[in-house]
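# Understanding the architecture of this molecule
Residue strings, one per chain:
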Amino acid sequence: MTPAVSGVLFLGRVVHRRWYRVCSVLADVTGLGLAWFLSFGIRLLLNPVMRRSFTPGALIQFAIPLWHVLVLWAIAAITLSLYKDWKDSLGGMLANTVRRAMLFCGILAAYGFFVDFHDAAFSRGFITILALAGPVGMLTAQYVLVVVIAWLGEEYVPPERVIVAGNGYCLEEVLENLSLESGYRVVGIVTPADQASPRSGVSVRGTIRHLAEIINRDRVDRLVIANSSLTRGDLDHCVDVSSRMGIPTTHALATVYGGGPVQLAYQFGMPVAVSRPKSNAGMHLIKRVFDIVAATILLVLCAPVLLFCAAAIKLTSNGPVLYRSLRVGKGGRYFTFYKFRSMYVDQCGARGMAGENEQSGHLFKVRHDPRVTTVGKWMRRFSLDELPQIFNVLLGNMSLVGPRPLPASDLDPDGQSSRFANWAAVRSSVTPGITGLWQVKGRSDLSFSEMIALDTEYVRNWSLGVDLRILLVTPVVVFTGRGAY
């Protein structure tokens, strides 16, 4: 793993700032270069409606030279320290790009005023077009950069190696909650000296008195302490060892019952957890309004693709264009789910192929499924079969972003799961979506346990910013076809 790749973590993780700045400069330069060539071509195409027509050779003489653009930008970047201000969020990075794009327009206007004042011959139309194309090129290049960084970060960053200290029910609860989180790998547990009993699924690495040795041996990145299950002496030893060895320590407090976010505070001479009622109604309303507006725009933009897919399905195989199935939505309620039919008629179910399933739990996936039509394989490759779910979003059954809705036949009659009760309860608390963390991080290449962790991570950390980041990454994932089959 190269330093550039290992240092590039994005969206909530530490990012190697120097490498990002270098890449950001290259992205802006690339965007400006592409904008210059695009402006050159557009100006030639506009010859019939412009007062003066140019041949390519003549336009070269009257257009602002590309090297002038890049030199002016370099001077502005160095003088104003344009790449010194650092933002560790997608919104902050794109906001910086917008400011730089506005500055570029100002620089171009000043350049035009300067050459006009000196009666220099130049094409005002070209400069006007470049003033519009330059910001678009910069924003596009920066968008591609942050998406690539996000993808590289998720691909090459290993999960944090965690050791859990504790015993009894509290330890069991901590392990269960950690199993629902992505980005962590529990390498084992350490217990009090008189409680070193084996536990199924997670190995006992030793006793708390040997914690320092275990940290070195198992290359531990973080210590999680189930506080209420240890004596004061064991707690002090864990804290002393982790502090001396520079290992981050997470203290798992007793479960706080009741809904709403929990705020930690120091009151009555001791640490306490204050539970407050939820107040996300406004954010959910904004999400619903955004879903309706965005789905309407997508429906208009994708209308030609929808018609093309429908015609291709109808002309190449017998049967309906749309595939309808019962899926489980918010609260465990059933709704009718729409997709373009990608299988042969009477072969759209999973019956008779249970032995071919390559997944576990409540997932059914077969990489080379013989039931899929030729057109269906092509549509699945680019996720075009999912486009009719735009109608589900408009109907309110689904959202643009959320956990994927599972077939009703794969879950219990109440829309829950007796085998994975905690996961089912968490995912049914939100509206399912067309895309989500599972889609942008690998889709069918991920295991069922990884899907559980990603669903839980999304619900627990949901915000409008999280939805926006997922939506921005989704087009690149769809284009690459990663995990689509």
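Note that the structure is predicted; figures quoted are calculated from it, not measured.

### Some thoughts on the overall build of the chain
From N to C terminus, the chain includes 17 helices and eleven strands. A total of 485 residues make up the chain; the buried ones form 43% of that total. Excluding contacts between residues fewer than 6 apart, the proportion of contacts in the chain whose partners are at least 24 apart in sequence is 69%.

### Description of the sheet that holds strand 4 (residues 222-226)
The five strands lie next to each other as 3-2-1-4-5, forming an open sheet whose pairing is parallel. A strand with exactly one partner marks an edge of an open sheet, and here the two such strands are strand 3 (204-207) and strand 5 (249-252). When the angles between neighbouring strand axes are averaged without regard to direction, this sheet yields 30 degrees. In this sheet, strand 3 lies alongside strand 2 (residues 184-191) in parallel orientation, the contact comprising three bridges. Looking at the pairing, Thr 191 lines up with Thr 207 of strand 3. Seen against the sheet, helix 7 (residues 168-179) touches strand 1 (160-165), strand 2, strand 4 and strand 5 and runs at an angle of roughly 165 degrees to strand 1.

### Some remarks on the nonpolar core
In this structure, Phe 340, Met 379, Leu 387, Trp 423, Tyr 458 and Ile 470 are the most contacted members of the largest nonpolar core, which totals 42 residues. Among the elements that line this core, the one with the most residues is helix 16 (residues 448-460), at six residues. Leaving out residues up to four positions away in the same chain, Phe 340 has contacts with Leu 306, Cys 309, Ala 310, Ile 313, Val 321, Leu 322, Tyr 323, Met 379, Leu 384, Asp 385, Leu 387 and Pro 388. Residues Trp 73, Ala 77, Tyr 111 and Met 138 belong to the second largest nonpolar core, which totals 27 residues.

### Description of the side chain of Ser 428
In this structure, Ser 428 sits in the loop between helix 14 (421-427) and strand 11 (433-435). In terms of polar contacts, Ser 428 uses its side chain to reach the side chain of Gln 416, at 3.4 Å. Setting aside chain neighbours within four positions, we find Ser 428 in contact with Gly 329, Lys 330, Gly 331, Gly 332 and Gln 416.

### Let's talk about the pairing of strand 1
Taking burial as the measure, the six residues of strand 1 include five buried ones, the bulk of the element. Relative to strand 2, strand 1 runs parallel, the two sharing six bridges. Bridge pairing in strand 2 links Ala 165 to Val 190. When strand 1 meets strand 4, the two strands line up parallel, connected through four bridges. The residue bridging Ala 165 from the neighbouring strand is Ile 225, located in strand 4.

### Regarding the environment of Arg 209
Tracing the chain through its elements places Arg 209 in the loop between strand 3 and helix 8 (211-217). The sequence separation of Arg 209 and Val 190 amounts to 19 residues, and the corresponding C-alpha distance is 9.0 Å. Setting aside anything within four residues of it in sequence, one finds Arg 209 in contact with Gly 233, Asp 234 and His 237. Side chain to side chain, Arg 209 and His 237 meet in a polar contact 3.4 Å long.

### Observations concerning helix 4 (residues 66-80)
The end-to-end C-alpha distance of helix 4, which contains 15 residues, comes to 21 Å, matching closely the 21 Å that a straight helix rising 1.5 Å per residue would cover. Phi for Ser 81, located one or two positions after helix 4, is positive at around 50 degrees.

### Description of the pairing of strand 8 (residues 322-328)
Pairing of strand 8 with strand 9 (residues 334-340), which is carried by seven bridges, proceeds in the antiparallel orientation. Residue Leu 326 lies in a different strand from strand 9, and its bridge partner there is Thr 336. In this antiparallel pair of consecutive strands, strand 8 and strand 9, the connection spans five residues, and Gly 331 shows a positive phi of 75 degrees.

### What about the packing of helix 10 (residues 281-301) against helix 11 (residues 303-316)?
Relative orientation of the contacting elements helix 10 and helix 11 amounts to 60 degrees, with a least axis distance of 4 Å. The orientation of helix 10 with respect to helix 11, classified from their angle, is oblique. When helix 10 is examined against helix 11, the residues Leu 299, Val 300 and Leu 301 are found in contact with a partner set consisting of Ala 303, Pro 304 and Leu 306. Here the residues of the contact of helix 10 with helix 11 sort into six nonpolar, no polar and no charged.

### Let's talk about the packing of helix 11 against helix 12 (residues 374-381)
It is the contact of helix 11 with helix 12, at a shortest axis distance of 9 Å, that shows an interaxial angle of 155 degrees. With respect to each other, helix 11 and helix 12 are oriented roughly antiparallel. Mapping the contact onto sequence places Phe 308, Cys 309, Ala 312, Ile 313 and Thr 316 in helix 11 and Val 375, Trp 378 and Met 379 in helix 12. Here the contact of helix 11 with helix 12 is built from residues that sort into seven nonpolar, one polar and no charged.

### Notes on the confidence of the model for the chain
Here the chain shows a mean pLDDT of 78. Residues at 70 or above account for 75%. A low-confidence stretch, residues 1-16 stays under pLDDT 50, and its non-local contacts, those more than four residues away or across chains, total 27 contacts. Within the model, the stretch residues 357-361 combines pLDDT values under 50 with 17 contacts to residues more than four positions away or in other chains.

### A short note on a nonpolar patch on the surface
A grouping of Leu 285, Val 289, Val 293, Ile 297 and Leu 301 is seen on the molecular surface, where their side chains present a nonpolar patch of about 480 Å² in accessible area. Relative to the helices and strands, Leu 285 is located in helix 10.

### Quick look at the pattern of salt bridges
Under the criterion given, the structure shown has twelve salt bridges. For Asp 28, the salt bridge identified is with Arg 100, shortest N-O distance 2.8 Å. Of the two residues, Asp 28 is situated in helix 2 (residues 17-45) and Arg 100 in helix 5 (residues 90-117); the sequence distance between them amounts to 72 residues. The partner of Asp 218 in a salt bridge is Arg 205, and the shortest N-O contact between them spans 2.9 Å. Remark: Arg 205 occurs in strand 3 and Asp 218 occurs in the loop between helix 8 and strand 4; sequence separation between them is 13 residues. For Arg 205, a relative accessible area of 29% corresponds to the partly exposed category. Put simply, Arg 205, Glu 213, Arg 217 and Asp 218 are held in one network by salt bridges that share partners.

The rules behind these values
Throughout, a residue's number is its position along its own chain's written sequence, starting from 1. Whole-chain, interface and lining totals are the exception, using all residues; otherwise, since this is a predicted model, local features are given only for residues with pLDDT of at least 70 and side-chain atom pairs are given and counted only at 80 or more. The basis for every side-chain value is the complete set of heavy atoms in the structure, and neither hydrogens nor water enter the calculation. Only DSSP runs of H or I with at least four residues qualify as helices, and only runs of E with at least two residues qualify as strands; both kinds are numbered from the N terminus onward. Buried, partly exposed and exposed residues are distinguished by accessible area as a fraction of the type maximum, computed with a 1.4 Å probe on protein chains only: under 20%, between the cut-offs, and over 50%, respectively. Pairs of residues are marked as contacts when any of their non-hydrogen atoms sit within 4.5 Å. Pairing between strands is defined by DSSP: at least two bridges between the two strands are required. Every axis in this analysis is a line fitted to C-alpha atoms, fitted for helices over the stretch in contact. Angles between the N-to-C directions lie between 0 and 180 degrees. Nine residue types can take part in a nonpolar core, namely buried Ala, Val, Leu, Ile, Met, Phe, Trp, Tyr and Cys, and a core is a set of them joined through side-chain atoms within 4.5 Å. A 3.5 Å cut-off defines polar contacts: any pair of N or O atoms within that distance qualifies, except that in protein one atom must be a possible hydrogen donor and the other a possible acceptor, and neighbouring residues in sequence count only when both atoms are side-chain atoms. Expected helix span is given by 1.5 Å per residue-to-residue step, counting one fewer step than there are residues. Each angle receives one of four descriptions, namely roughly parallel if under 35 degrees, roughly antiparallel if over 145, roughly perpendicular if within 65 to 115, and oblique otherwise. Only Asp, Glu, Lys and Arg are considered charged, only Ala, Val, Leu, Ile, Met, Phe, Trp, Tyr, Cys and Pro nonpolar, and every remaining residue, Gly among them, polar. The predictor attaches a confidence to each residue, called pLDDT, with possible values from 0 through 100. Nonpolar side chains (Val, Leu, Ile, Met, Phe, Trp, Tyr) are joined into patches within 5 Å and like charges within 9 Å, using only residues with over 30% relative accessible area and no salt bridge. Methods summary: accessible areas were calculated by the Shrake-Rupley approach with a probe of 1.4 Å, and residue burial reflects only the protein chains presented. By definition here, a salt bridge exists when the distance from a side-chain nitrogen of Lys or Arg to a carboxyl oxygen of Asp or Glu is within 4 Å.

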